[in-house]
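Listed here are the chains, written in short residue letters.
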Amino acid sequence: KGGQTSYEIRLDSAYVLNGATKWIHGWKAKNWTSSTREKVKNIDLWQEMDSVLKDKEIKWILLKGHSEIFGNERCDEIATAYADGKKPTLYKGFLAKYPNAEAVLNIKALVSKPSRKKNNAVAFSYVSKVDGKIHIDHTWDECKKRVHGKKALFKKSLSKFDEGNIVSEFRKSS
């Protein structure tokens, strides 16, 4: 609006969301003190966030943490590595070429979850891993034939996004 660039920030912390959208204004007005009259913790980070977000149109999306959302789990891995003093391997390139890019970009699947339990929900696909090979079937009968009597991993997915998360999970498993 008016030449402004709009951004979307997805996060799994209600504390950071409230801090950035509500509390920060009061903290600044009170010289970075909280409602309990104590100095705000991590003032340097809040001030930097305030500076970066200034005059930007932001759409905030609060995600449930540790809920197997592909992009959110990856962000958690990166943040944890940095917090532990490690340097994680980061991806550099076009988002469309990022592994599981479709899962990362599927905003609707991130924001809304099916209301029915997974075992009663209609399947999008069935993901299996047999002898180290991952396969996607569109019916339970196809998947059952593939895994029956074998040492296998298999799960029902409810969406393309869910399917991508399961494939990622199976790739990580040995």
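Not measured: the values here are computed from a predicted model.

Asker: Looking at this structure, I do not really get the overall build of the protein. What am I missing?
Answerer: Assigned secondary structure in the protein consists of 7 helices and 5 strands. In the protein, the succession of helices and strands from N to C terminus is β-α-α-β-α-α-α-β-β-α-β-α. Buried residues in the protein amount to 28% of all 174 residues. Just so you have it, the protein exposes about 12500 Å², and 54% of that area is on carbon and sulfur atoms.

Asker: What should I look at first to understand the nonpolar core in this one?
Answerer: As a rule of thumb, soluble globular proteins bury nonpolar side chains together. The biggest cluster of nonpolar side chains holds 7 residues, and these are Ala-20, Ile-24, Trp-27, Trp-32, Val-40, Trp-46 and Leu-53. With 3 residues, helix H1 (residues 14-29) is the single largest residue contributor to this core. With residues near it in sequence (within four places) discarded, Ala-20 still touches Trp-46, Met-49, Leu-53 and Trp-60.

Asker: Honestly, the sheet that holds strand S4 (residues 133-137) in this entry has me stumped. Any pointers?
Answerer: Spatially, the 3 strands line up as an open sheet ordered S4-S3-S5, and their pairing is antiparallel. Taken across any chain shown, the strands that pair with only one partner, and hence form the sheet edges, are S4 and strand S5 (152-157). Neighbour-to-neighbour, the strand axes of the sheet open up by a mean angle of 15°, direction not taken into account. Relative to S5, strand S3 (residues 125-130) runs antiparallel, the two sharing 6 bridges. Within the sheet, the bridge partner assigned to Ser-128 lies in S5 and is Phe-154. The sheet contacts of helix H6 (residues 140-147) involve S3, S4 and S5, and relative to S3 the element is tilted by about 10°.

Asker: Is there a simple way to explain the pattern of salt bridges in this structure?
Answerer: When the charged atoms of two side chains with opposite charge come close together, those side chains can pair. Taken as a whole, this structure holds 5 salt bridges when the rule is applied. A salt bridge links Glu-8 to Arg-10; the nearest nitrogen and oxygen atoms lie 2.9 Å apart. The partner of Asp-50 in a salt bridge is Lys-28, with the nearest N and O atoms 3.1 Å apart. You can see Asp-50 sitting in helix H2 (residues 43-53) and its partner Lys-28 sitting in helix H1, a full 22 residues away along the chain. For Asp-50, a relative accessible area of 21% gives the class partly exposed. Accessibility expressed as a relative area gives 38% for Lys-28, which makes it partly exposed. Each of Arg-74, Glu-77 and Lys-172 takes part in salt bridges that share partners, so that together they form one network.

Asker: How do you make sense of the environment of Ala-81 when you look at a structure like this?
Answerer: Looking at where Ala-81 falls in the secondary structure, it is placed in helix H3 (residues 70-83). Excluding its chain neighbours within four sequence positions, the residues that come into contact with Ala-81 are Lys-86 and Pro-88.

Asker: Help me out: how do you make sense of H1 in this one?
Answerer: What sets the pattern is the α-helix's 3.6 residues per turn: residues three or four places apart point alike. With 16 residues, H1 should cover 22 Å at 1.5 Å per step; its first-to-last C-alpha distance of 22 Å lies within 8% of that length. Most pronounced at Trp-23, the bend in H1 amounts to some 60°. Within H1, burial applies to Leu-17, Asn-18, Gly-19, Ala-20, Ile-24 and Trp-27. A positive phi of about 55° marks Asn-31, the residue just after H1.

Asker: What's the story with the packing of aromatic side chains in this structure? I'm lost.
Answerer: The description of an aromatic ring pair uses the distance of the two centres, along with the angle that the planes make with each other. Summed over all chains, the structure comprises 6 aromatic pairs. Centroid distance Trp-27 to Trp-46: 5.0 Å. Interplanar angle 70°. Geometry classified as edge-to-face. You can see Trp-27 sitting in helix H1 and its partner Trp-46 sitting in helix H2, a full 19 residues away along the chain. With relative accessibility at 9%, the residue Trp-27 sits in the buried group.

Definitions and limits used
- Residues numbered from 1 in each chain as written.
- Predicted model: local features only at pLDDT ≥ 70, side-chain atom pairs only at ≥ 80, totals over all residues.
- Heavy atoms only, no water.
- Helix = DSSP H or I, 4+ residues; strand = E, 2+ residues; numbered from the N terminus.
- Buried < 20%, exposed > 50% of the residue type's maximum accessible area, 1.4 Å probe, protein only.
- Areas by Shrake-Rupley, 256 points an atom, 1.4 Å probe, with all protein chains shown as cover.
- Core = buried A, V, L, I, M, F, W, Y, C linked by side-chain atoms within 4.5 Å.
- Contact = heavy atoms within 4.5 Å.
- Pairing = 2+ DSSP bridges.
- Axes fitted to C-alpha atoms, helices over the stretch in contact; angles between N-to-C directions.
- Salt bridge = Lys/Arg side-chain N within 4 Å of Asp/Glu carboxyl O.
- Expected span 1.5 Å × (residues − 1).
- Bend = angle between axes of the 7 residues up to and from the residue.
- Phe/Tyr/Trp six-rings, centres within 6.5 Å; stacked < 30°, edge-to-face > 60°.

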